Amino acid sequence: MAQVSLKNVSKVFPGGVTAVDDVSFDVENKEFVVLVGPSGCGKSTTLRLVAGLETTTAGEIVIGNRKVNSIPPKDRDIAMVFQNYALYPHMTVYENMAFGLQLKKYPKEEIDSRVKEAAAILGVEQLLKRRPSELSGGQRQRVAVGRVIVRKPMVFLFDEPLSNLDAKLRVMMRTEIHRLHIKLQATMIYVTHDQTEAMTLGDRIVVMKDGIIHQIDTPTNVYNRPVNKFVASFIGAPPMNFMEGRIIKKEDKLYFDEGHFRVRIVEDMYDALLDRVDTRVTMGVRSEDIHDKLFVSEAPPENIVTMVCEVVEYLGSEVYLHLNTGKHILIARVSGDADSQINQDIDVVFDMSKIHFFDKATEKTII
């Protein structure tokens, strides 16, 4: 069984820089877990600690029921795909993929069988005689993945493997890695700063910032139920819109008052917000939950807000509208059929059932 467990793991570099701070999480057998966060959040260092390329300052790392803190990387039964591919330029594709098995003195027949099997899985059979300089970026990445497949490790580790590819290739390779996980049924830990990769690949997502884990959950729950303002802003494209204002009560109804507009809060949220009346909070709304009134059949008058459209971004089937409330700039993702014009007023409707509220001081989710 290829479970991976990190228990209170920390890494402090010389000079007192804390890269990983008391991190704990488990990766189940055959699970695909993605570590995601901004640059410098500690995700790659966490992966390198699992691989044994960095030593822990504190905590325990367990792979397959075996504590590996003092075990060198080559004996941990893991394989890692790097951002820069790390292929030997003087070797052919076949030789690159076979090299690790040759070092371990595998029989030639088994090496040949494993290399050809991996090449078939990745569709690089016709490239086996080429050298890395003769390959495209996507082909090099496939070879780098093939080199770890042939080893049949307990755990696959990926350190931002798609970041050097162009946008189209990233989408293609993302799909290939997803198919690979399904085919191999292997335990995989994947590091990326791209939240789209995290959302589409991971069975679960570990969201990190400043060496600390902020949330571990399924992609759906991280998106729909972020635990704090950071997670809400980092996961999702465009990022969640935020507005500061007050919770007010009027005739037994609760409203969010931004200063330039007021919207009614749904009753399901009253219990969590009653003790926040007359206090300032941050309201969050995703771009897809702001609708052009013209495309809403029944718009509650209390939730219609007039804003000025400052920027229109056409993306084919969708349009991003940059809207000025007079106090905040919001981005609405609306239908490509919308005919909004720059510097004109537009009436929009908030889907108040999908609104998020955050404590202004702690930035933790209220609901």
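See the structure above.
So, here's what we can say about the structure.

How each quantity is defined
- Residues numbered from 1 in each chain as written.
- Predicted model: local features only at pLDDT ≥ 70, side-chain atom pairs only at ≥ 80, totals over all residues.
- Heavy atoms only, no water.
- Helix = DSSP H or I, 4+ residues; strand = E, 2+ residues; numbered from the N terminus.
- Buried < 20%, exposed > 50% of the residue type's maximum accessible area, 1.4 Å probe, protein only.
- Contact = heavy atoms within 4.5 Å.
- Areas by Shrake-Rupley, 256 points an atom, 1.4 Å probe, with all protein chains shown as cover.
- Lys, Arg positive; Asp, Glu negative; His and termini not counted.
- Charge placed at Lys NZ, Arg CZ, Asp CG, Glu CD.
- Salt bridge = Lys/Arg side-chain N within 4 Å of Asp/Glu carboxyl O.

### Some remarks on the overall build of the chain
- Secondary structure summary: the chain contains nine helices and 20 strands in total.
- Principal axes of the C-alpha set define a box for the chain whose edges measure 80 × 45 × 35 Å.
- A total of 367 residues make up the chain; the buried ones form 47% of that total.
- Considering only residue pairs separated by 6 or more positions, the chain has 66% of its internal contacts joining residues 24 or more positions apart.
- Put simply, the chain shows about 17,500 Å² of open surface, and 48% of that area lies on carbon and sulfur atoms.
- Of the charged side chains in the chain, 46 are positive and 50 negative; the average position of the first set lies 9 Å away from that of the second.

### As for the pattern of salt bridges
- Tallied over the entire structure, the rule returns 16 salt bridges.
- For Lys7, the salt bridge is made with Glu60, and the minimal N-O distance between the two is 3.8 Å. One end of the pair, Lys7, is in strand S1 (residues 4-13); the other, Glu60, is in strand S4 (residues 58-63), and 53 residues separate them in sequence.
- For Lys7, a relative accessible area of 40% puts it in the partly exposed group.
- Here Arg276 makes a salt bridge to Asp359, at a shortest N to O gap of 2.6 Å. Of this pair, Arg276 sits in the loop between helix H9 (270-273) and strand S14 (280-285) while Asp359 sits in strand S20 (residues 356-359), placing them 83 residues apart in sequence.

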